[in-house]
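One letter stands for each residue in the lines below.
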Amino acid sequence: MLLRRRFHRAPLMFLVSSKIVLGGALIAKEDPIVVQITVPISHLPASLENFRIIQLSDVHIGVTIGRTRVKKVVDIVNDLCSSGDDKCDLIALTGDIIDCEPYGVMKAIEPLEMISDSVPKVFVPGNHEHIHFNVDHVVSVLSKAGIDSLINGNIRLPRDEAGENQLVVVGLDDLSSRRYRGKEQEAFDGVDSEDDVIILLAHQPNHLKKIERYGVDLMLSGHTHSGQFFPGTVGAWLFNSRLGYYPPRGKTAVYVSAGTLWWGPPIRFTTRHHEITDIRLVRA
């Protein structure tokens, strides 16, 4: 009798499961939404008021992400950066941009070359760039697309300014990388933790535990996909220190992107949509 009841329930369970998977596939098929975040910084110079950062993370160009998807992301970014006088000041790519050997997906990578030349573009590696291949291959391919890699180092922006009219962008290699270990101090070389406005690009939000003493004002990360689909949702909450936006605790604010596209199967059913993040710095 019990076996018969379970047999009769099987079609219903299959129907419910199919609807969930189909719904997740339809969500993934949609374009990424634009999430707007305003981050107040107490010592932001007046000249940097409304400094604007566009964040891309976890694009995962590879088996299920091809040229069409990447081109759509680029189109959205270019629309954001060409809206009148409200220019973009930095495009930050916070890891897991390419999810296979890059020379095998050059057609899919090519649209990245179309991102506005007038905006600095900076990439830091994620764990997937380390899983599959030599990260130097990725650095080389992205360089040809006009994207600079910032691995355990820092730059000052805007490049045509100087001194207090600039902020510092620091980039860290992924936590999974051997060359990351013990390199935090090297990445922050020449950075004044008291006076400089410091933006940190680091793929995994768990970097936060290692950099709190450096006076970072804003850390931008990805990695979690906000779980993407069950049971990943549980793992995202259990194994990552942050998801979404966290106002400063002490000095450091944190924003963790839900991912620009997806990893693995084109399915997403979490509380957060895949996104392109439009971040604006303002004086507190």
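Bear in mind the structure is a predicted one, so any value in this text is a computation, not a measurement.

Procedures and definitions
- Residues numbered from 1 in each chain as written.
- Predicted model: local features only at pLDDT ≥ 70, side-chain atom pairs only at ≥ 80, totals over all residues.
- Heavy atoms only, no water.
- Phe/Tyr/Trp six-rings, centres within 6.5 Å; stacked < 30°, edge-to-face > 60°.
- Helix = DSSP H or I, 4+ residues; strand = E, 2+ residues; numbered from the N terminus.
- Buried < 20%, exposed > 50% of the residue type's maximum accessible area, 1.4 Å probe, protein only.
- Expected span 1.5 Å × (residues − 1).
- Arc of directions from axis to C-beta.
- Contact = heavy atoms within 4.5 Å.
- Salt bridge = Lys/Arg side-chain N within 4 Å of Asp/Glu carboxyl O.
- Core = buried A, V, L, I, M, F, W, Y, C linked by side-chain atoms within 4.5 Å.
- Disulfide = S-S within 2.5 Å.

Peer 1: Explain the packing of aromatic side chains to me, and be specific about the residues and the numbers.
Peer 2: Across all of its chains, the model carries one aromatic pair by this definition. Here Phe188 and Tyr214 contribute two aromatic rings whose centre-to-centre distance is 4.3 Å and whose plane-to-plane angle is 5°, an arrangement assigned as stacked. Remark: Tyr214 occurs in the loop between helix 7 (208-211) and strand 9 (218-221) and Phe188 occurs in the loop between helix 6 (184-187) and strand 8 (198-201); sequence separation between them is 26 residues. On the basis of relative accessible area, Phe188 is assigned to the buried category, the value being 5%.

Peer 1: Please give an account of helix 2 (residues 67-80) that cites residues and values.
Peer 2: The first and last C-alpha atoms of helix 2 sit 20 Å apart over 14 residues, in line with the 20 Å expected at 1.5 Å per residue. Among all positions in helix 2, only Val70, Val73, Val74, Ile76, Val77 and Leu80 are buried. The arc enclosing the buried residues of helix 2, seen along the axis, measures out at 160°, which places them on a common side. Exposed residues on helix 2 whose side chains face more than 90 degrees from its buried face are Thr68 and Asp79. On its buried face, helix 2 is in contact with strand 1 (33-41), strand 2 (51-56), strand 3 (90-93), helix 3 (106-109) and strand 12 (275-283).

Peer 1: Before we move on, can you summarise the pattern of salt bridges with the specific residues and values?
Peer 2: Inspection of the entire model under this criterion finds nine salt bridges. Between Arg280 and Asp86 there is a salt bridge, and its shortest N-O distance comes to 2.9 Å. Taken together, the residues span a long stretch of sequence, with Arg280 in strand 12 and Asp86 in the loop between helix 2 and strand 3 at a distance of 194 residues. You can call Asp86 partly exposed: its relative accessible area is 30%.

Peer 1: Outline the nonpolar core, listing residues and values.
Peer 2: Membership of the largest hydrophobic core comes to 33 residues, with the highest contact counts inside it found for Ile61, Val77 and Leu112. The set of elements that each furnish at least two residues to this core consists of strand 2, helix 2, strand 3, helix 3 and helix 5 (135-144). Those residues within four positions of Leu112 in sequence are excluded, and the remaining contacts are Ile61, Val70, Val74, Ile97, Leu142, Ala145 and Ile147. Counting 25 residues, the second largest nonpolar core, distinct from the first, contains Leu90, Val197, Leu218 and Ile279.

Peer 1: Talk me through the state of the cysteines; I want residue IDs and the actual numbers.
Peer 2: Tallying each qualifying case throughout the model produces one disulfide. There is a disulfide in this structure between Cys81 and Cys88, and the S-S distance comes to 2.2 Å. What sets the handedness of the Cys81 and Cys88 disulfide is the S-S torsion sign, and at about -100° it is left-handed. Here Cys81 matches Cys88 in class, with each residue buried.

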